Amino acid sequence: MEHDLSIVKQAIAGQKEAFEQLLVLEEEKLYYTALSYVGQKEDALDAIQEAACKAYLTVHQLKNPAFFSTWLFRILIHECYRLLKKGKKMIPYEERELLERLHDQEQVIGNPIDLAEAIQQLNHSQQMDKVNQFK
């Protein structure tokens, strides 16, 4: 999102209200970005809160006001990764979906294909083609 550069410059200069205004403008996009990374509402809100705090404390270091949004989202994404790594969180499956996946995997493992047996089912020229293919 392209912001009014004067507001970004005010935030860089330390004006709290200008920084808050920028966060409000990015609020929805921040939420959906964080949610897409962490998968849960509470974790997304935690990541946003931490990112906003870090951004506020370091906004004076931003050299190019035109890149405020990119800079802010980079902080958010790093925060999402930190949160995931910290908790080693996995996005949970619904129990039914997990059971279906396990069942599907059991069927694949339960019906192994014997490679030698499969090759024996090919005619002689097909067998020779496969042998030559691997040479």
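The paragraphs below set out a description of the structure included in this document. (Residues numbered from 1 in each chain as written. Predicted model: local features only at pLDDT ≥ 70, side-chain atom pairs only at ≥ 80, totals over all residues. Heavy atoms only, no water.)

1. What about the pattern of salt bridges?
Phase 1 of the analysis: Per the stated rule, a full pass over the model turns up two salt bridges.
Phase 2 of the analysis: Between Glu 79 and Lys 54 there is a salt bridge whose closest N-O contact spans 2.7 Å. Pair noted here: Glu 79 is in helix H4 (residues 68-87) and Lys 54 is in helix H3 (residues 41-58), with a separation of 25 residues, a long-range link.
Phase 3 of the analysis: You can call Glu 79 buried: its relative accessible area is 2%.
Phase 4 of the analysis: For Arg 82, the salt bridge goes to Glu 79, with nearest N and O atoms at 2.5 Å. Remark: Glu 79 and Arg 82 occur in helix H4; sequence separation between them is three residues, near one turn of the helix.
Phase 5 of the analysis: Residue classification places Arg 82 among the partly exposed positions, given a relative accessible area of 33%.
Phase 6 of the analysis: Salt bridges sharing partners connect three or more residues here, namely Lys 54, Glu 79 and Arg 82. (Salt bridge = Lys/Arg side-chain N within 4 Å of Asp/Glu carboxyl O. Helix = DSSP H or I, 4+ residues; strand = E, 2+ residues; numbered from the N terminus. Buried < 20%, exposed > 50% of the residue type's maximum accessible area, 1.4 Å probe, protein only.)

2. Observations concerning the nonpolar core
Phase 1 of the analysis: Of all hydrophobic cores here, the largest spans 27 residues; its most connected members are Phe 19, Leu 30, Phe 68, Trp 71, Leu 72 and Leu 76.
Phase 2 of the analysis: Of all elements in the fold, only helix H1 (5-12), helix H2 (16-38), H3 and H4 reach the threshold of two or more residues within this core.
Phase 3 of the analysis: The dominant element in this core, judged by the number of residues it contributes, is H4, at eight residues.
Phase 4 of the analysis: If we ignore the near neighbours within four places in the chain, the residues touching Trp 71 are Ala 55, Thr 58, Val 59 and Leu 62. (Core = buried A, V, L, I, M, F, W, Y, C linked by side-chain atoms within 4.5 Å. Contact = heavy atoms within 4.5 Å.)

3. Section: the packing of H2 against H3
Phase 1 of the analysis: Look at H2 against H3: their axes get within 9 Å of each other, and the N-to-C directions meet at 145 degrees. In this structure, H2 meets H3 at a crossing whose hand is right-handed. Across the interface between the two elements, Lys 16, Phe 19, Leu 23, Leu 30, Tyr 31, Ala 34, Leu 35 and Val 38 from H2 touch Lys 41, Asp 43, Ala 44, Leu 45, Ile 48, Ala 52, Ala 55 and Tyr 56 from H3.
Phase 2 of the analysis: Classifying every residue of the contact of H2 with H3 gives 13 nonpolar, no polar and three charged. (Axes fitted to C-alpha atoms, helices over the stretch in contact; angles between N-to-C directions. Left-handed = near helix turned anticlockwise from the far one by under 90°. Nonpolar A, V, L, I, M, F, W, Y, C, P; charged D, E, K, R; others polar.)

4. A closer look at the side chain of Thr 33
Phase 1 of the analysis: Mapped onto the elements, Thr 33 comes out in helix H2.
Phase 2 of the analysis: When neighbours within four sequence positions are excluded, Thr 33 is seen to be in contact with Phe 73, Leu 76 and Ile 77.

Purely spatial values, then, with no claim about function.
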